[in-house]
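# Structure at a glance
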Protein chains: 4
Amino acid sequence: MTSQKQWFPGVGNIPHDPKAKRGSLVFRHFNPTEVVAGTSKTLGELLPFGVVAWHGVCNPSADMFGRGTRPMPWDEAPDPITKGKQRCEALFELMVKLGVDYYSWHNYDLAPEGATLKESHKNLDTITDFLAELQAATGKKLAWGTCDHFSHPRYRLGVATGVCPKVYAYGLSEVFKMLEITMRLQGKNFVLWGGREGMRQIMSIIKRLAFVLENYGRFGNSVCDYADEIGFDGKIIYEPKKREPSKVQYQSDVAATLFLLQQAGLLQRENVGLNLEENHAGLAGLDFAYEVAMARAADKLISIDANEGDPLIGWDVDEFSHTVKKLIPVMLMLLEDGGLPNGNLAFDAKLRRESTDPKDIFWGIIGAMDTWSIATKVAAQIRSEGVLDDIVEESIYAEWGTSLGDRIRSGMTKDAITNAAHRYGPTIELPSGSEERINVLINEHMFPAG
Amino acid sequence: MTSQKQWFPGVGNIPHDPKAKRGSLVFRHFNPTEVVAGTSKTLGELLPFGVVAWHGVCNPSADMFGRGTRPMPWDEAPDPITKGKQRCEALFELMVKLGVDYYSWHNYDLAPEGATLKESHKNLDTITDFLAELQAATGKKLAWGTCDHFSHPRYRLGVATGVCPKVYAYGLSEVFKMLEITMRLQGKNFVLWGGREGMRQIMSIIKRLAFVLENYGRFGNSVCDYADEIGFDGKIIYEPKKREPSKVQYQSDVAATLFLLQQAGLLQRENVGLNLEENHAGLAGLDFAYEVAMARAADKLISIDANEGDPLIGWDVDEFSHTVKKLIPVMLMLLEDGGLPNGNLAFDAKLRRESTDPKDIFWGIIGAMDTWSIATKVAAQIRSEGVLDDIVEESIYAEWGTSLGDRIRSGMTKDAITNAAHRYGPTIELPSGSEERINVLINEHMFPAG
Amino acid sequence: MTSQKQWFPGVGNIPHDPKAKRGSLVFRHFNPTEVVAGTSKTLGELLPFGVVAWHGVCNPSADMFGRGTRPMPWDEAPDPITKGKQRCEALFELMVKLGVDYYSWHNYDLAPEGATLKESHKNLDTITDFLAELQAATGKKLAWGTCDHFSHPRYRLGVATGVCPKVYAYGLSEVFKMLEITMRLQGKNFVLWGGREGMRQIMSIIKRLAFVLENYGRFGNSVCDYADEIGFDGKIIYEPKKREPSKVQYQSDVAATLFLLQQAGLLQRENVGLNLEENHAGLAGLDFAYEVAMARAADKLISIDANEGDPLIGWDVDEFSHTVKKLIPVMLMLLEDGGLPNGNLAFDAKLRRESTDPKDIFWGIIGAMDTWSIATKVAAQIRSEGVLDDIVEESIYAEWGTSLGDRIRSGMTKDAITNAAHRYGPTIELPSGSEERINVLINEHMFPAG
Amino acid sequence: MTSQKQWFPGVGNIPHDPKAKRGSLVFRHFNPTEVVAGTSKTLGELLPFGVVAWHGVCNPSADMFGRGTRPMPWDEAPDPITKGKQRCEALFELMVKLGVDYYSWHNYDLAPEGATLKESHKNLDTITDFLAELQAATGKKLAWGTCDHFSHPRYRLGVATGVCPKVYAYGLSEVFKMLEITMRLQGKNFVLWGGREGMRQIMSIIKRLAFVLENYGRFGNSVCDYADEIGFDGKIIYEPKKREPSKVQYQSDVAATLFLLQQAGLLQRENVGLNLEENHAGLAGLDFAYEVAMARAADKLISIDANEGDPLIGWDVDEFSHTVKKLIPVMLMLLEDGGLPNGNLAFDAKLRRESTDPKDIFWGIIGAMDTWSIATKVAAQIRSEGVLDDIVEESIYAEWGTSLGDRIRSGMTKDAITNAAHRYGPTIELPSGSEERINVLINEHMFPAG
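Worth saying up front: this structure is predicted, and the values here are computed from it rather than measured.

## Concerning the overall build of chain A
The secondary structure content of chain A amounts to 16 helices and 10 strands. Taking 2.2 N^0.38 as the reference for a compact globule, 450 residues should give roughly 22 Å; the C-alpha atoms of chain A span a radius of gyration of 24 Å, in line with that estimate. When the backbone C-alpha atoms are referred to their principal axes, chain A occupies close to 80 × 65 × 45 Å. Put simply, 76% of the contacts in chain A that link residues at least 6 apart link residues at least 24 apart.

## Comments concerning the domain arrangement of chain A
When the parts of a complex come together, some accessible area is lost, and that lost area is often taken as the interface size. All names here are of chain A. Domain annotation for chain A reports domain 1 (43–385) and domain 2 (388–446). Averaged C-alpha coordinates put domain 1 and domain 2 at centres separated by 39 Å. Opposite the 6 residues of domain 1 that make contact, domain 2 presents 4 residues. Those elements that provide at least two residues to the side of domain 1 that touches domain 2 are α11 (324–336) and α12 (360–385). Residues belonging to the side of domain 1 that touches domain 2 are distributed by class as follows: 4 nonpolar, 1 polar and 1 charged.

## Side note on the pairing of strand β8 (residues 272–277) of chain C
Two faces, one strand: in a regular strand the side chains alternate between the faces of the sheet. Residue and element names in this part refer to chain C. Along β8, 6 of the 6 residues are buried, which leaves the element largely enclosed by surrounding structure. Of the two faces of β8, both are covered, the one formed by Val 272, Leu 274 and Leu 276 as well as the one formed by Gly 273, Asn 275 and Glu 277. Both strand β6 (residues 235–238) and β8 contribute to a ladder of 3 bridges, which runs parallel. Across the sheet, the residue bridging to Ile 236 is Val 272, located in β8.

## Concerning the interface of chain B and chain A
In this complex, chain B contributes 79 residues to the contact, which on the side of chain A involves 79 residues. The dominant element in the side of chain B that touches chain A, judged by the number of residues it contributes, is helix α6 (residues 165–184) of chain B, at 9 residues. Its residues placed into classes, the side of chain B that touches chain A shows 50 nonpolar, 15 polar and 14 charged.

## Quick look at the sheet that holds β8 of chain C
All names here are of chain C. Ordered by their spatial adjacency, 8 strands build a closed barrel running β1-β2-β3-β4-β6-β8-β9-β10, and the pairing between neighbours is parallel. In this sheet, neighbouring strand axes are inclined to one another by 30 degrees on average, regardless of whether the strands run parallel or antiparallel. Pairing geometry for strand β9 (residues 301–305) and strand β10 (residues 345–347), over 2 bridges, is parallel. Residue pairing in the sheet places Ile 304 in a bridge with Leu 345 of β10.

## Quick look at the relation of the copies chain C and chain A
If you rotate chain C by 180 degrees and push it 0.0 Å along the axis, it lands on chain A with an RMSD of 0.0 Å. In symmetry terms, the pair is related by a two-fold rotation axis. Among all C-alpha atoms of chain C, that of Pro 311 of chain C lies closest to the rotation axis, at 3.0 Å. Interface overlap between copies: 100% of the residues of chain C at the interface are likewise at the interface in chain A, consistent with a symmetric, same-surface contact.

## A few points about the environment of Ile 442 of chain D
Residues and elements named next belong to chain D. With respect to the element layout, Ile 442 can be found in helix α16 (residues 435–446). When the 21 C-beta atoms within 10 Å are taken as the criterion, Ile 442 is described as buried. Sequence separation of Ile 442 and Ile 202 is 240 residues, and the distance between their C-alpha atoms is 44 Å.

## Notes on the sheet that holds strand β10 (residues 345–347) of chain D
Residues and elements named next belong to chain D. If you trace the 8 strands once around the closed barrel, you get β1-β2-β3-β4-β6-β8-β9-β10, paired in parallel fashion. Across the sheet, the mean angle separating the axes of adjacent strands is 30 degrees when strand polarity is ignored. Two strands pair when backbone bridges link them, and strand β2 (residues 102–106) and strand β3 (residues 141–146) are joined in this way by 5 bridges, in the parallel orientation. Residue Ser 104 lies in a different strand from β3, and its bridge partner there is Trp 144. The strands that helix α7 (residues 209–230) touches are β4 (189–192), β6 (235–238) and β8 (272–277); relative to β6, the one it contacts most, it runs at about 155 degrees.

## Re the interface of chain C and chain A
With 44 residues of chain C at the contact, the number on the chain A side is 44 residues. Contributions of two or more residues to the side of chain C that touches chain A are made by α11 (324–336), α12 (360–385) and α16 (435–446) of chain C. The residue makeup of the side of chain C that touches chain A, split by class, is 13 nonpolar, 16 polar and 15 charged.

## As for helix α16 (residues 435–446) of chain A
The first and last C-alpha atoms of α16 of chain A sit 17 Å apart over 12 residues, in line with the 16 Å expected at 1.5 Å per residue. Here α16 of chain A lies mainly inside the structure; 11 of its 12 residues are buried. Looking at α16 of chain A, one finds that the buried residues are Glu 435, Glu 436, Arg 437, Ile 438, Asn 439, Val 440, Leu 441, Ile 442, Asn 443, Glu 444 and Met 446 of chain A. On the buried face of α16 of chain A, the contacting elements are α11, α12 and α13 (387–396) of chain A together with α12 of chain C.

## Here's the deal with helix α7 (residues 209–230) of chain C
With 22 residues, α7 of chain C extends 32 Å between its outermost C-alpha atoms, agreeing within 8% with the 32 Å of an ideal straight helix rising 1.5 Å per residue. Those residues of α7 of chain C lying buried are Leu 209, Val 212, Leu 213, Asn 215, Tyr 216, Phe 219, Gly 220, Ser 222, Val 223, Cys 224 and Ala 227 of chain C. Where α7 of chain C is buried, its residues meet α6 (165–184), β4 (189–192), β6, α8 (254–263) and β8 of chain C together with α10 (288–297) of chain D.

## Some remarks on unusual backbone geometry
Going from Glu 244 of chain B to Pro 245 of chain B, the amide bond is cis rather than trans, its omega being 10 degrees. Along the chain, Pro 245 of chain B turns up in the loop between β6 (235–238) and β7 (248–249).

## Digging into the relation of the copies chain B and chain A
You can overlay chain B on chain A at an RMSD of 0.0 Å; the transform is a turn of 180 degrees with a shift of 0.0 Å along its axis. Comparing contact sets, 100% of the residues at the interface of chain B also lie at the interface in chain A, consistent with an isologous, same-surface contact.

## Overview of the packing of α12 of chain A against α16 of chain C
Axis separation between α12 of chain A and α16 of chain C bottoms out at 8 Å; the angle between their running directions is 35 degrees. Read as a crossing pair, α12 of chain A and α16 of chain C show a hand that is left-handed. Only Glu 436, Arg 437, Asn 439, Val 440 and Asn 443 of chain C of α16 of chain C make contact with α12 of chain A, whose side of the interface consists of Asp 360, Trp 363, Gly 364, Ile 366, Gly 367, Asp 370 and Thr 371 of chain A.

## Some words on the environment of Met 446 of chain A
Residues and elements named next belong to chain A. With respect to the helices and strands, Met 446 occurs in helix α16. It is 9.6 Å that separates the C-alpha atoms of Met 446 and Gln 381, two residues lying 65 residues apart in sequence. Once residues lying within four places of it in the same chain are set aside, the contact partners of Met 446 are Val 324, Lys 325 and Val 378.

## Some details on the pairing of β3 of chain D
Across the 6 residues that make up β3 of chain D, a large majority, 5, are buried. In this view, the connection linking β3 of chain D to its parallel neighbour β4 of chain D by way of helix α6 (residues 165–184) of chain D has right-handed handedness.

Cut-off values and rules
- Residues numbered from 1 in each chain as written.
- Chains lettered and ligands numbered in written order.
- Predicted model: local features only at pLDDT ≥ 70, side-chain atom pairs only at ≥ 80, totals over all residues.
- Helix = DSSP H or I, 4+ residues; strand = E, 2+ residues; numbered from the N terminus.
- Rg over C-alpha atoms; globule rule 2.2 N^0.38 Å.
- Contact = placed C-beta atoms within 7 Å.
- Domains from an automatic or database assignment.
- Nonpolar A, V, L, I, M, F, W, Y, C, P; charged D, E, K, R; others polar.
- Buried ≥ 20, exposed ≤ 12 C-beta atoms within 10 Å, placed from the backbone.
- Pairing = 2+ DSSP bridges.
- Axes fitted to C-alpha atoms, helices over the stretch in contact; angles between N-to-C directions.
- Least-squares fit on C-alpha atoms with pLDDT ≥ 70 in both.
- Expected span 1.5 Å × (residues − 1).
- Left-handed = near helix turned anticlockwise from the far one by under 90°.
- Right-handed = clockwise from strand over helix to strand, strands pointing away.

What follows is the structure, encoded as structure tokens:
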């Protein structure tokens with residue numbers, strides 16, 4: 001390390017201590033070695049948490065109307081490289097103290113951008129060396145790397161889908177470099193977001209949409225080709241978001257992203273997948289669980305940015321997860337899949353601008369880890385107990401288990417369909433949708449009585 | 001006709017009369033034989049309007065809190081068949097008086113549903129005969145037919161993606177019948193909407209989403225196969241809508257619908273396309289023009305339900321089009337395509353509940369036809385004049401016309417990309433996005449001065 | 001009763017039985033006689049639940065795209081009066097079986113509207129007699145009465161704020177009658193909602209807004225005057241809702257309603273208050289707890305319509321309450337007030353259209369009662385423990401306890417203010433807003449560990 | 001001036017030239033000396049435009065995801081005071097070249113904040129002297145002054161409604177100073193916005209809402225008292241906005257703001273009024289025209305921040321006005337009032353981040369001024385012609401002109417009301433709401449044919 005100094009001197013390693021007195025910085029639910037009921041996996045295996053450098057140690061808590069408020073002593077440094085290294089230290093200190101195994105970063109979160117691409121690469125190499133040392137020293141691992149393709153003014157009119165081939169080339173070359181670095185640091189995956197890949201004004205795309213979407217596909221295929229070439233065995237994961245900063249991002253939600261990937265021949269590639277985010281689902285007007293279900297239906301869910309939006313707010317608030325209820329259907333699905341075997345739960349979440357105590361970042365992350373842990377345990381109980389399956393599978397969808405169901409799914413002729421229609425209709429007895437009963441069931445598991 | 005009686009006795013044929021005194025029921029902009037500047041087509045050819053039976057003559061103007069208010073004398077009949085025929089008459093009277101060439105209908109808009117499928121078919125045949133007579137007598141044509149797969153309680157838990165194979169079979173057999181009828185009436189297209197194909201509660205789809213989407217694909221392929229079998233030469237057109245009545249419909253917007261169609265092998269079929277609706281775009285949080293652009297980029301735009309939503313209202317208000325500005329980018333695109341060569345502009349729009357004067361339906365449709373006509377003429381002027389292209393094509397996207405643009409699009413190696421990045425970055429000069437200037441340009445064409 | 005027949009024959013009285021096996025129709029948390037920690041009141045006293053006739057026994061579960069699906073045997077009757085009485089029976093059977101003490105009704109929920117006002121009054125008297133008998137027989141009580149001023153077409157252009165004085169008079173006379181009935185049945189309060197009191201189109205109010213708001217005030221004062229005259233000792237409670245059915249209702253949220261009441265001289269009247277609804281807060285883009293806080297700040301919170309909206313849905317979904325977390329801040333406030341001493345928690349909530357099992361209404365209401373009960377107990381624990389107060393009162397607002405705080409609140413001169421500014425600014429040390437920590441605290445109480 | 005240099009060297013004074021060739025920076029509709037039909041006022045009198053320093057010359061076009069992109073040569077200066085003066089020069093150059101008579105500023109837009117309040121005051125005095133010179137030299141005037149109570153971290157937890165009396169005092173003392181400056185510069189009004197006066201988290205207001213609203217009132221009264229004391233003859237104008245930066249601002253919309261002002265005794269003061277903004281109305285889920293109507297109904301509309309939001313975007317986009325249609329009902333109301341006799345139309349609008357050409361600010365402002373001018377002329381025509389009044393006043397509200405209407409408005413007894421109800425109901429004939437017809441009428445005036 002560049003210093004022996006701790007960046008969070010007031011906080012030690014966070015223990016699992018369910019009975020600690022109120023106000024203690026402890027995990028009450030997250031115990032990484034606890035085996036989850038009905039599975040062969042531990043909480044730690046099912047919930048591969050990660051801290052993201054961007055919000056974790058780089059974001060000064062400004063908003064559109066106010067300057068940064070967050071004390072970030074690691075940013076006070078005589079030169080940009082030292083500052084970058086101190087950000088790395090603060091990041092790893094957070095991981096160590098919180099028992100989080102993974103981190104993620106955008107290239108310029110930690111390495112300062114240089115005056116030339118060459119200088120940027122040199123800075124990236126320096127920081128990468130330093131990260132490799134920190135990984136070796138701590139056993140911490142890289143969840144994903146990515147490129148910041150939104151902050152610099154050169155990206156204001158798009159990158160892959162942008163108006164300028166120079167920008168396209170510059171952005172792509174940054175991805176090549178960062179992919180190499182991600183591989184060197186044994187990162188699990190590489191993220192492509194695309195906040196500037198979208199519509200700013202309708203008039204500029206009415207003749208160009210097919211053209212820019214073709215460029216989008218070409219860009220992605222170049223990334224995947226290079227990943228194959230260098231033997232990167234992670235996934236290239238795309239991240240849907242409907243808007244902000246663009247008026248509409250082309251990858252507006254899961255289904256839209258899957259469509260674009262399919263059209264580009266990317267969905268067909270083994271190494272392409274999705275990175276979902278709770279807050280992004282909400283901005284698209286969709287439940288996060290719905291988005292997870294849609295990604296799973298296409299077998300493309302890889303990783304999750306674990307945060308939480310406020311459904312009344314029209315922009316990305318990136319709160320640390322704190323609502324157990326929303327995560328129960330998500331965990332019911334992840335338990336089906338054995339967690340996120342090839343991905344992570346990265347906290348792309350930020351402190352409130354008013355949260356200025358150095359401990360607040362710990363409250364945020366601890367709260368999120370416990371929230372996901374509670375949801376995991378409740379979901380595991382629901383699965384073990386089986387009543388939800390009784391209602392949904394044994395009642396609501398029961399008719400699909402009959403021979404008519406089988407016949408339809410094997411392929412029926414027009415005449416056979418019509419005969420069935422004559423026979424069974426027009427009034428058809430149906431089960432109740434049982435939504436009220438299911439709501440009670442979920443609450444019974446969340447709030448056990450007696 | 002069943003009667004000599006007129007259903008709209010107070011209104012005659014609506015003339016094109018730009019100088020008529022205020023308050024006259026006339027077209028001031030829509031003149032079907034006027035050739036649109038810069039094209040070889042007339043307004044009538046570019047804007048193939050249609051009236052939809054559903055809202056046009058069947059909807060009594062109820063809302064979730066109040067009973068119907070609309071006077072509909074054609075619904076007062078001694079028996080359901082007579083009532084159905086009178087609805088047909090009222091519909092054709094509207095078309096004749098408004099000079100609208102097309103109509104559309106759901107099976108049970110005009111033919112009463114029977115106590116058995118057989119009886120329903122018989123009623124449909126009777127009404128179809130009657131429609132054929134009316135078509136012959138008036139020269140009016142069928143834009144599209146479709147099935148009402150949302151009103152009857154049997155569809156409450158879904159149709160193709162529903163919980164019951166009996167319902168699936170019943171719904172599909174209705175489509176077969178209505179497809180035959182549409183073909184018999186020489187309808188241009190057949191619509192599949194899907195208001196009940198969606199999520200009611202998240203718990204019921206977390207294990208079933210892939211299954212129901214498979215059924216969705218099977219259902220659609222059965223429809224297309226049968227269309228091929230009987231030689232229907234129109235398109236099967238799917239209609240995106242995000243929500244209402246379902247919490248989320250799977251076909252939530254254009255991109256999502258295209259993805260589902262692609263996964264099902266339907267997008268690949270020649271006879272599959274899309275039917276878009278302005279109000280549905282808004283419910284999905286998207287500009288209608290964006291949705292049109294996305295459908296065109298996939299070469300799947302066939303038809304449009306011409307209405308207008310209120311962006312502040314969270315449900316389908318289905319107003320008659322009255323905002324020219326929103327339609328200008330749409331018409332810029334349609335003029336590229338020579339209109340909607342295989343589709344229509346169907347007024348899936350309804351009267352306000354408070355609009356109880358028999359003339360109000362005329363005001364609504366005339367207003368909508370004039371609105372689309374103004375937008376068409378303004379868009380044609382913008383195209384002819386060329387300044388928008390100068391800004392967007394010659395300035396904003398100009399760099400893609402350079403050799404670097406060509407090379408990228410022909411395929412550049414990683415090294416070549418990186419060399420270009422070193423050469424051109426990191427600061428890259430870019431054109432202005434010129435949104436303010438484009439806004440001025442549009443207004444200059446909408447509101448010519450001097 | 002009109003019959004010995006039970007309308008819900010498959011369900012008996014619902015017991016409190018926390019340990020009942022899964023799937024049992026029991027209360028697991030609601031125990032009316034349980035004293036809530038830190039208070040001298042029982043759950044039953046703090047949560048004066050009520051069933052609303054409208055959704056409870058009158059709503060057939062139609063939606064804008066589909067017919068009713070709910071089996072309602074009590075609606076099958078040879079004549080309207082018998083049907084009305086059977087609705088009353090079904091309503092009281094629900095109350096008795098669920099142990100709910102209160103009910104509410106709109107005039108025409110239970111009494112059929114007649115062909116004349118006289119006949120309507122006669123029907124109302126008949127049904128009122130019957131309700132009085134049922135009250136006497138069961139000990140159940142009336143929470144509030146109200147008028148249905150939205151279903152009948154005569155109300156389509158507004159009532160108090162409408163376009164026609166005849167409608168104003170008719171609506172007001174209905175209120176007079178229903179107020180008498182509410183008094184006769186010893187109802188606690190009388191509700192004025194106002195779904196048709198709002199803007200349909202902007203052009204019709206630009207010259208008339210002040211005029212119609214004057215009428216709104218006159219109408220309300222006539223109601224209050226008559227309540228005083230007849231000695232009704234309940235409150236006239238107004239209910240905010242932003243939209244639906246109107247584009248915008250004037251009483252769009254709590255603050256707007258309070259403003260209108262104030263301008264009309266109604267806020268100043270002792271017998272005027274507010275009836276809030278969770279779903280209505282969401283439609284206004286506000287947290288329900290925020291609305292409750294605003295009503296309390298004006299000392300005008302009387303009663304609550306207990307239901308739950310879906311923040312992604314743009315219309316009134318009126319789900320039975322099932323989300324504990326949203327109710328915790330609400331119950332923290334109600335515990336300050338000793339519950340709703342002059343009001344009720346009326347379930348203005350409806351079954352999902354797909355919920356067609358006769359037991360579903362029980363699942364819905366039981367679930368809601370348990371949800372409120374859990375929230376009450378969690379809130380009571382938070383209050384008793386005191387850590388939230390430590391954070392908010394002892395830390396966040398601590399400076400207002402200093403002498404500077406006192407001086408400001410006693411009134412400081414311009415010079416004194418300026419001196420303080422010179423002394424303390426421009427950089428001022430502030431506590432953390434501690435949102436992350438508070439989120440953890442709430443979860444610790446909701447999901448106790450260890 | 002500090003320099004002879006022009007900050008916008010490529011642009012001269014903008015003429016009114018309706019026939020200039022496309023692409024010319026000219027006004028095509030705004031002609032300040034043109035008398036508006038049916039009025040005795042000129043366009044310049046009816047539309048007292050103003051440029052706001054904040055967005056006009058201080059905003060570098062950053063967004064939450066990207067750095068500033070705007071070339072602002074005036075910000076390159078050796079010291080903060082020179083930079084501030086150069087901002088003043090750029091601002092006045094804009095006004096002179098655009099023929100805009102007014103400007104507005106927040107204290108620290110133009111005067112750098114100092115290390116102490118004293119230094120800030122000194123800087124303000126220096127800049128004020130310079131502004132006074134520029135005013136004298138150009139004849140330009142101050143629309144309103146205001147304080148930036150959102151950028152500095154000290155305001156993160158609120159100002160008047162905040163958690164700390166030191167911050168309250170500091171903020172108030174800044175207002176005192178800026179009020180003096182506004183008076184010295186003969187500013188017409190003084191704005192109080194309140195972006196940090198709101199809810200960050202619900203838990204922190206549940207015991208404090210009444211307390212902080214009391215502080216809000218005290219703060220406002222101190223401001224008004226001081227304005228009276230020094231003889232400021234403008235208005236103190238409050239500006240509603242629902243959210244951003246706060247989750248909810250207490251002054252969430254017009255009605256809420258009026259309520260808070262009323263409770264505080266501020267609404268009753270002669271010198272208190274409202275400053276409305278189009279984009280803020282949209283964020284509150286309301287039409288701007290509705291908000292204008294509500295402010296007028298309370299006789300409190302003073303001034304307008306003229307910009308435009310995008311109804312699909314959940315944050316403040318502050319586009320320059322470009323949609324004529326939305327402004328027509330607004331101008332119909334302002335024409336009733338003779339414009340904004342005591343206020344201004346200040347362009348609180350910003351360039352898109354992609355608009356990087358120095359001319360873009362001219363396109364933006366010219367476009368906005370022409371947009372308002374067109375709306376004014378269309379509205380004037382509608383008024384002169386009278387058909388809208390015929391429909392709304394002579395038809396829709398006609399019944400209020402009958403004797404029953406008069407009697408109701410004079411006060412009718414309960415018995416008289418009931419007699420009228422018996423006589424006229426229950427079925428009451430009503431006029432059509434005529435929304436379709438009104439939509440046609442508006443379009444006829446916007447797009448004259450023939």
